Amino acid sequence: MKNTDYQYLCNVIGNLTGVPIRIYREGELVYYHSVVDLPADPLTAFTGEILSITSHIGYFITPHFHYYGVVNGDGRKIVIGPSIQTRNSDQALKELAFRCDVSADETNDFIAGMKNIIPMPLDSILQILCTMNYIMNGEKLGLSDIRIYDSEQQELKEQLESQRANADYDTPPERYYEQFNVHNTLALEQTIMNFVRRGDTAALKEWISDIPAVRAGVLASDQLRQSKNTFIVTATLVSRAAIRGGMDVSDALSLSDAYIQKCELLGDLERITNLQYHMLFDYTEQVEKLRLGKTPSKLVLDVTNYIHHHLSEPVSIEEIAKALFLSRSRLSVKFKQEAGENLVDFILQEKTREAKRLLRYTDKSAAAISAYLGFSSQSHFSRVFKKYADCLPNEYRKRHNR
């Protein structure tokens, strides 16, 4: 944008956020503004890493979980940071002062200055970057363009689907999760939970692309633990929303347990964030599979849950009717009326859906999958798969070969 006063913009942003901000040209610092008095710029410990970011928008997270946002464009590089969602210990700040060559006499001043920087969520920093990027490059980007990585989402999906296909989630949870005091906006929380409860993946995806920033409550004294605790709270809330949407209680809690265990193994904030996004979509998709129509009846949910729990058996209408204390004819008629489709077709469609997942995310043969799903023969399995997937099992695997 021509005739833009970038120093003025940086002054406004710096004064508004309380976070230091800089302008570089050709790798040289040409402007620095901070409302906090610091003996040294904490960025100097990571100058190489931060200045090497060349994308229009990027960010860098330090080992102590300070984060810096970067915007490149119009011949300039603007860097805002550091900020952090939870405060560092004195020891961590002393280490940073050491890395920035702060003298012993000024170390306490450096620590005091760092503690006066206003904590901000990374998403708030990224929204500022999106605004600056629009001014500098004319691009209209949202948080999802920066935070959600398609390749990592696919990797997560493949890992989790592979685990699920190999029955890693069969053990029901035997513990309850600690209750935390969460300060997220209630309306935002309810919005997310409603998407999950309704199984509305399309609406969730659209909303995520323009998600507002939220200041989460402080749940721990360090950033990594903060992120993991927030993840646990989210998993707890999302699993409950899925249960209200019709997901089996044991399934929902078992999946929550699996996600929490996976989160606890991560030591990277970005991966925890990606896992959390994936968890939201996973639960929403699980509910979506159960809900035929926007307001499925209890009968439809009960039938769907029964089928999902018996996919590896030759599911029959008689067995479902017995489990639901209905006659075969009554069940068939009611399901047709309430779901709008034939129950036999629905059973086979669900088996085909499961077969697709197994073909895509495991190396099991079509014969083994046929036997696992309770088909009388591989030829029967192939006919059913062809009917509902419009191709043979081996053809489907070739199309989606990892």
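Below: a short report on this structure. (Residues numbered from 1 in each chain as written. Predicted model: local features only at pLDDT ≥ 70, side-chain atom pairs only at ≥ 80, totals over all residues. Heavy atoms only, no water.)

Right, let's talk about the pairing of strand β4 (residues 67-73) for a bit. Buried residues dominate β4, accounting for seven of its seven residues. A two-sided burial pattern is seen for β4, the buried positions comprising Tyr67, Gly69, Val71 and Gly73 on one face and Tyr68, Val70 and Asn72 on the other. Sheet topology places β4 next to strand β5 (residues 76-83); six bridges connect them, and they run antiparallel. When the sheet's bridge partners are listed, Gly73 is paired in β5 with Arg76. Remark: two residues form the turn of the hairpin made by β4 and β5, two consecutive strands paired antiparallel; Asp74 in that turn has positive phi of roughly 55°. (Buried < 20%, exposed > 50% of the residue type's maximum accessible area, 1.4 Å probe, protein only. Helix = DSSP H or I, 4+ residues; strand = E, 2+ residues; numbered from the N terminus. Pairing = 2+ DSSP bridges.)

Here we come to helix α13 (residues 298-309). Because an α-helix completes one turn every 3.6 residues, residues spaced three or four positions apart along the sequence face the same direction. Compared with an ideal rise of 1.5 Å per residue, which puts twelve residues at 16 Å, α13 spans 16 Å between its outermost C-alpha atoms and is within 8% of the ideal. Inspection of α13 places Leu299, Val300, Leu301, Val303, Thr304, Asn305, Tyr306 and Ile307 among the buried residues, and these make up the whole buried set. Looking at the packing, one finds that the buried side of α13 touches α12 (269-290), α14 (317-323), α15 (328-339) and α16 (343-361). (Expected span 1.5 Å × (residues − 1). Contact = heavy atoms within 4.5 Å.)

Under the defined criterion, the tally for this structure stands at six aromatic pairs. Relative to Phe346, the ring of Phe335 lies with its centre 5.4 Å away and its plane at 45°, an arrangement referred to as tilted. Taken together, the residues Phe335 in helix α15 and Phe346 in helix α16 connect sequence positions eleven residues apart. Taking the centre distance of 5.8 Å and the plane angle of 75° together, the rings of Phe385 and Tyr396 count as edge-to-face. One end of the pair, Phe385, is in helix α18 (residues 378-389); the other, Tyr396, is in helix α19 (residues 393-399), with eleven residues separating them in the sequence. Of the residues examined, Tyr396 reaches a relative accessible area of 11% and is grouped as buried. Clustering of aromatic rings is evident, with ring pairs tying together Phe375, Phe381, Phe385 and Tyr396. (Phe/Tyr/Trp six-rings, centres within 6.5 Å; stacked < 30°, edge-to-face > 60°.)

You can see Gln276 is positioned in helix α12. The partly exposed category is assigned to Gln276, whose relative accessible area is 21%. It is 9.5 Å that separates the C-alpha atoms of Gln276 and Ile232, two residues lying 44 residues apart in sequence. Residue contacts for Gln276: discarding those within four places in its chain leaves Thr230, Phe231 and Thr234.

Before going further, it helps to spend a moment on the pairing of strand β3 (residues 57-61). When you tally the buried positions in β3, you get five out of five residues, the bulk of the element. Of the two faces of β3, the one lined by Ile57, Tyr59 and Ile61 and the one lined by Gly58 and Phe60 are each fully buried. Of the pairings in the sheet, the one linking β3 to β4 comprises five bridges and is antiparallel in character. The residue of β4 that forms the bridge with Phe60 is Tyr68.

This paragraph deals with the side chain of Arg22. Along the chain, Arg22 turns up in strand β1 (residues 21-25). Polar side-chain contacts of Arg22 include one of 2.7 Å to the backbone oxygen of Gly81. Dropping the residues within four chain positions of it, Arg22 is found in contact with Leu29, Tyr31, Tyr32, Asp41, Leu43, Tyr68, Lys77, Ile78, Val79, Ile80, Gly81 and Pro82. (Polar contact = N/O pair within 3.5 Å; in protein donor to acceptor, adjacent residues only side chain to side chain.)

The biggest cluster of nonpolar side chains holds 80 residues, and the ones touching the most others in it are Ile50, Ile78, Ile80, Met247 and Tyr283. Here this core gets ten residues from one element, more than from any other, and that element is α12. Ranked by size, the runner-up nonpolar core spans 31 residues in total, among them Ile317, Ile347, Ala355 and Tyr396. (Core = buried A, V, L, I, M, F, W, Y, C linked by side-chain atoms within 4.5 Å.)

What follows deals with the sheet that holds β3. With antiparallel pairing, five strands are arranged side by side in an open sheet as β2-β1-β5-β4-β3. Of all the strands in the sheet, the pair left with one neighbour each is β2 (28-33) and β3. Between one strand and the next, the sheet's axes are offset by a mean angle of 20°, whatever the strand orientation. By the bridge criterion, five bridges tie β1 to β2 in an arrangement that is antiparallel. For Arg22, the partnering residue across the bridge sits in β2 and is Tyr32. In this fold helix α5 (residues 122-137) packs onto β3, β4 and β5, with an angle of close to 10° to the strand it touches most, β4. (Axes fitted to C-alpha atoms, helices over the stretch in contact; angles between N-to-C directions.)

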